[in-house]
Amino acid sequence: ANVLRSHALSLRGMNKTVESALAWEKVFEALEQVIPCSELTCIVGLEALSAKLLSCHLDYRGAGRSWLRRSLLASHLAYGGGYASWRVLNVQTFAASVLDGAAK
């Protein structure tokens, strides 16, 4: 997982958003299998969501919807509290429209 994470970070640094989103997805899937309720899985889920939103031009209603849900679930498994705690943890990370869209 650490090699995949390093690869995803390097792709993000090269502004290869689609490839970065795919790499973060692979890291997240690996962590979901090994440590599904961990803070690390939650953090990687947020990275994957962010990369996916960048790669699909912030389309959180369409292409990014599944990642929004996966990020919410990972946050809930790690911290509890569902949407309310996810929003508190990510209010500085995502635009208000994305935060509001996660509530639906």
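You'll find the structure just up there.
Quick caveat: nothing in here was measured; it's all calculated off a predicted structure.

A.B. asks: Describe the nonpolar core, and please don't skip the residues or the numbers.
C.D. replies: Counting residues in hydrophobic clusters, the biggest one holds 24 residues, and the most contacted among them are Trp24, Leu49, Leu68, Trp86 and Phe94. Secondary structure elements with two or more residues in this core: α1 (2–13), α2 (17–34), α3 (39–55), α4 (65–79) and α6 (96–102). In this structure, Phe94 is in contact with Leu46, Leu49, Ser50, Leu53, Trp86 and Leu99, ignoring residues within four places of it in sequence.

A.B. asks: Can you lay out the packing of α2 against α3 for me, pointing to particular residues and giving the numbers?
C.D. replies: Packed helix pairs are specified by the crossing angle of their axes together with the interaxial distance, meaning the distance between the axes. The contact between α2 and α3 brings their axes to 8 Å, and the two run at 155°. Our classification of the angle between α2 and α3 gives roughly antiparallel. When the axes of α2 and α3 are compared, the crossing they make is left-handed. Of the residues in α3, those in contact with Thr17, Val18, Ser20, Ala21, Trp24, Glu25, Val27, Phe28, Leu31 and Glu32 of α2 are Leu40, Thr41, Val44, Gly45, Glu47, Ala48, Ala51, Lys52, Leu54 and Ser55. Partitioned by chemical class, the residues of the contact of α2 with α3 number eleven nonpolar, five polar and four charged.

A.B. asks: Describe the packing of aromatic side chains, with residues and values.
C.D. replies: Under the defined criterion, the tally for this structure stands at three aromatic pairs. Residues Trp86 and Phe94 carry aromatic rings whose centres are separated by 5.9 Å and whose planes lie at 15° to one another, so their mutual orientation is stacked. Judged by its relative accessible area of 0%, Trp86 is buried. Aromatic ring contacts, followed pair by pair, group Tyr83, Trp86 and Phe94 into a single cluster. Note that Arg70 overlies the ring of Trp67, its terminal NZ or CZ placed 4.3 Å from the centroid.

A.B. asks: Describe the side chain of Asn90, naming the residues involved and giving the relevant values.
C.D. replies: Residue position: Asn90 is located in helix α5 (residues 82–90). By relative accessible area, which is 3% here, Asn90 ends up buried. Setting aside its immediate chain neighbours within four residues, Asn90 contacts Leu46 and Leu99.

A.B. asks: Give a detailed account of a nonpolar patch on the surface, specifying residues and quantitative values.
C.D. replies: Residues Val34, Ile35 and Leu40 make up a contiguous nonpolar surface patch of roughly 260 Å² in combined accessible area. Checked against the element boundaries, Leu40 lands in helix α3.

A.B. asks: Any chance you could break down the pattern of salt bridges for me, citing the residues and the numbers?
C.D. replies: A full pass over the atoms with the stated rule returns three salt bridges. In this structure, the salt-bridge partner of Glu32 is Arg70, at a minimum N-O distance of 3.1 Å. Taken as a pair, Glu32 in helix α2 and Arg70 in helix α4 lie far apart in primary sequence, 38 residues in all. Residues Arg87 and Asp100 are paired through a salt bridge, measuring 3.0 Å at the closest nitrogen-oxygen approach. One end of the pair, Arg87, is in helix α5; the other, Asp100, is in helix α6, and 13 residues separate them in sequence. The partly exposed category is assigned to Asp100, whose relative accessible area is 41%.

What counts, and where the lines are drawn
Residues numbered from 1 in each chain as written. Predicted model: local features only at pLDDT ≥ 70, side-chain atom pairs only at ≥ 80, totals over all residues. Heavy atoms only, no water. Core = buried A, V, L, I, M, F, W, Y, C linked by side-chain atoms within 4.5 Å. Buried < 20%, exposed > 50% of the residue type's maximum accessible area, 1.4 Å probe, protein only. Helix = DSSP H or I, 4+ residues; strand = E, 2+ residues; numbered from the N terminus. Contact = heavy atoms within 4.5 Å. Axes fitted to C-alpha atoms, helices over the stretch in contact; angles between N-to-C directions. Parallel < 35°, antiparallel > 145°, perpendicular 65-115°, else oblique. Left-handed = near helix turned anticlockwise from the far one by under 90°. Nonpolar A, V, L, I, M, F, W, Y, C, P; charged D, E, K, R; others polar. Phe/Tyr/Trp six-rings, centres within 6.5 Å; stacked < 30°, edge-to-face > 60°. Lys NZ or Arg CZ within 6 Å of the ring centre and 35° of its normal. Patch = residues over 30% accessible without salt bridge, like charges linked within 9 Å, V, L, I, M, F, W, Y side chains within 5 Å. Areas by Shrake-Rupley, 256 points an atom, 1.4 Å probe, with all protein chains shown as cover. Salt bridge = Lys/Arg side-chain N within 4 Å of Asp/Glu carboxyl O.

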